[in-house]
Amino acid sequence: MNLSSLQTLLMVDQAGSIAGAANVLNMDASSVSRIVAAVEREIGIRLFDRTTRRLRLTEAGAIYLSRIRPLLDEFDAARDEAHQHAVEPQGHLRMTASVAFAV
């Protein structure tokens, strides 16, 4: 399981359907469905009740997603903060030059 799989789960929940999440993520619905199934298999619980007409979080799924959502938000914040420090110069710049440059 990786971060993108967990983010996909959150998008499925937010969109309310696998097709809606696939549209937002610019993926095939079958790929999103495989990701959901793989995560469910890995953690050993069913996160969503799926029928041909609707998708609904299970009670265990609601608990699981409520716990991973803040973790993923922290990962995003950490990445953004680290990226900001890598891109923007910070601190003092000290330079020395020969007296000849002053003339």
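Residues numbered from 1 in each chain as written. Predicted model: local features only at pLDDT ≥ 70, side-chain atom pairs only at ≥ 80, totals over all residues. Heavy atoms only, no water.

So, the nonpolar core
Next, step 1: Formed by 18 residues in total, the largest nonpolar core has its most connected members in Leu9, Val12, Phe48, Tyr64 and Leu65.
Next, step 2: Every element with two or more residues in this core is listed here: α1 (3–15), α2 (18–25), α3 (29–43) and α4 (59–87).
Next, step 3: For this core, the leading source of residues is α1, giving five residues.
Next, step 4: Sequence-distant contacts of Tyr64, that is, excluding residues within four places in its chain, are made with Met1, Leu6, Leu9, Ile43 and Leu47. (Core = buried A, V, L, I, M, F, W, Y, C linked by side-chain atoms within 4.5 Å. Buried < 20%, exposed > 50% of the residue type's maximum accessible area, 1.4 Å probe, protein only. Helix = DSSP H or I, 4+ residues; strand = E, 2+ residues; numbered from the N terminus. Contact = heavy atoms within 4.5 Å.)

What to know about a nonpolar patch on the surface
Next, step 1: Nonpolar side chains collect at one region of the surface, where Leu3, Leu71 and Phe75 lie side by side and expose about 290 Å² of accessible area between them.
Next, step 2: Assignment of secondary structure puts Leu3 in helix α1. (Patch = residues over 30% accessible without salt bridge, like charges linked within 9 Å, V, L, I, M, F, W, Y side chains within 5 Å. Areas by Shrake-Rupley, 256 points an atom, 1.4 Å probe, with all protein chains shown as cover. Salt bridge = Lys/Arg side-chain N within 4 Å of Asp/Glu carboxyl O.)

Remarks on the pattern of salt bridges
Next, step 1: With the rule as written, the count across this model stands at six salt bridges.
Next, step 2: Here Glu40 makes a salt bridge to Arg50, at a shortest N to O gap of 3.1 Å. Residue Glu40 is found in helix α3, and its partner Arg50 is found in strand β1 (residues 48–50); the two are separated by ten residues along the sequence.
Next, step 3: In this structure, the salt-bridge partner of Asp80 is Arg79, at a minimum N-O distance of 3.3 Å.
Next, step 4: Taking relative accessible area as the criterion, Asp80 reaches 45% and is therefore assigned partly exposed.

Things to note about the packing of α1 against α4
Between two packed helices, what matters for the description is the angle formed by their axes and the separation of those axes.
Next, step 1: Between α1 and α4, the least distance of the axes is 10 Å, while the angle of their chain directions is 125 degrees. One element, α1, and the other, α4, form an angle in the oblique class. Our pair here, α1 against α4, has a crossing hand that is left-handed. Contact with α1, carried on its side by Leu3, Leu6, Gln7, Leu9, Leu10 and Asp13, involves Tyr64, Leu65, Ile68, Arg69, Leu72, Phe75 and Asp76 of α4 and no other residues of that element. (Axes fitted to C-alpha atoms, helices over the stretch in contact; angles between N-to-C directions. Parallel < 35°, antiparallel > 145°, perpendicular 65-115°, else oblique. Left-handed = near helix turned anticlockwise from the far one by under 90°.)

What to know about the confidence of the model for the chain
Detail in the predicted coordinates should be disregarded across regions flagged by low pLDDT.
Next, step 1: Mean pLDDT over the chain works out to 90, with 97% of the residues at or above the 70 mark.
Next, step 2: Mean pLDDT values for the elements of the chain range from 90 in α4 up to 95 in α3. (pLDDT = per-residue confidence, 0-100.)

Structural notes on α1
Note: α-helices contain 3.6 residues per turn, so residues at a spacing of three or four share the same orientation.
Next, step 1: End to end, α1 covers 18 Å across 13 residues, agreeing with the expected 18 Å (1.5 Å per residue, within 8%).
Next, step 2: Inspection of α1 places Ser5, Leu6, Thr8, Leu9, Leu10, Met11 and Val12 among the buried residues, and these make up the whole buried set.
Next, step 3: Where the residues of α1 are buried, they touch α2, α3, β1, β2 (55–57) and α4.
Next, step 4: Of the residues trailing α1, Gly16 is marked for its positive phi of about 85 degrees. (Expected span 1.5 Å × (residues − 1).)

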